[in-house]
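Understanding the architecture of this molecule
Below are the chains, spelled out letter by letter.
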Amino acid sequence: MTTEGIFRKSGNLRILSEIMHALDHSGGDDTVIDLAALDPITLADLLKRFLASLPHPVLTGHLFELFVACSRASSSRSLFPPAPR
C-alpha cells in the first residue's frame, strides 16, 4: 500500500481528538488504541501532533552537520542494516 502526501494532509480532527484523549488517559497502557488499524493520514497526523507537543525538538541544530552528511551518503551504501524478512 502506498499513500502520497501523508505529512501534508490532516487527519480527521474528531478521530484524532478521541485517540489522543484515550492515549493521554490510558495510564501507560499503550494497547488502548490499535494504531495498525488507523489509516496512514491519521497515523501521520498523530505523529506530527506528538512531535509538536515535545518540549524540545527531536532534530537539534547541533546535529545539523551529521544530518547533512547522512543526506549526502551514497545511495549504494546503506546507512541501516536490511530489515528482517
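Preceding this paragraph is the structure being described.
Predicted, not measured: the structure shown is a model, and the values here were computed from it.

Within the protein, the regular secondary structure consists of three helices and zero strands. Across the protein, every contact between residues at least 6 apart in sequence was considered, and the portion connecting residues at least 24 apart equals 60%. Counting every atom, the protein has about 7300 Å² of accessible surface; 61% of that belongs to carbon and sulfur.

Here the structure, examined in full by the defined rule, presents two salt bridges. Of the charged contacts in the structure, one is a salt bridge between E18 and R14, with a shortest N-O distance of 2.9 Å. Taken together, the residues E18 and R14, both in helix α1 (residues 13-24) and four residues apart, mark about one turn of the helix. Among the residues examined, R14 registers a relative accessible area of 51% and is labelled exposed. The residue R49 makes a salt bridge to D45 at a minimum N-O spacing of 3.3 Å.

To continue, consider helix α2 (residues 40-53). Compared with an ideal rise of 1.5 Å per residue, which puts 14 residues at 20 Å, α2 spans 20 Å between its outermost C-alpha atoms and is within 8% of the ideal. Among the residues making up α2, those that are buried are I41, T42, A44, D45 and L46. The inward-facing, buried residues of α2 abut α1. For α2, the capping residue at the N-terminal end is D39, with a side-chain oxygen 3.2 Å from the backbone nitrogen of I41.

With that settled, the discussion passes to the environment of T60. Mapped onto the elements, T60 comes out in the loop between α2 and α3 (64-71). Residue class for T60 comes out partly exposed when judged on its relative accessible area of 22%. One polar contact links T60 to H62, side chain to side chain, over a distance of 2.9 Å.

With five residues, the main nonpolar core is built from L16, I19, I33, L38 and L46. Once residues within four sequence positions are removed from consideration, L38 is found in contact with I19, L43 and L46.

Right, let's talk about the packing of α1 against α2 for a bit. Put simply, α1 and α2 touch, their axes get as near as 11 Å, and they point 55° apart. When the axis of α1 is compared with that of α2, the two are oblique. In the crossing of α1 with α2, the sense of the turn from one axis to the other is right-handed. Along the contact surface, α1 presents L13, I15, L16, I19, M20 and L23, while α2 presents T42, D45, L46 and R49. Its residues placed into classes, the contact of α1 with α2 shows seven nonpolar, one polar and two charged.

Conventions used here
Residues numbered from 1 in each chain as written. Predicted model: local features only at pLDDT ≥ 70, side-chain atom pairs only at ≥ 80, totals over all residues. Heavy atoms only, no water. Helix = DSSP H or I, 4+ residues; strand = E, 2+ residues; numbered from the N terminus. Contact = heavy atoms within 4.5 Å. Areas by Shrake-Rupley, 256 points an atom, 1.4 Å probe, with all protein chains shown as cover. Salt bridge = Lys/Arg side-chain N within 4 Å of Asp/Glu carboxyl O. Buried < 20%, exposed > 50% of the residue type's maximum accessible area, 1.4 Å probe, protein only. Expected span 1.5 Å × (residues − 1). Polar contact = N/O pair within 3.5 Å; in protein donor to acceptor, adjacent residues only side chain to side chain. Core = buried A, V, L, I, M, F, W, Y, C linked by side-chain atoms within 4.5 Å. Axes fitted to C-alpha atoms, helices over the stretch in contact; angles between N-to-C directions. Parallel < 35°, antiparallel > 145°, perpendicular 65-115°, else oblique. Left-handed = near helix turned anticlockwise from the far one by under 90°. Nonpolar A, V, L, I, M, F, W, Y, C, P; charged D, E, K, R; others polar.

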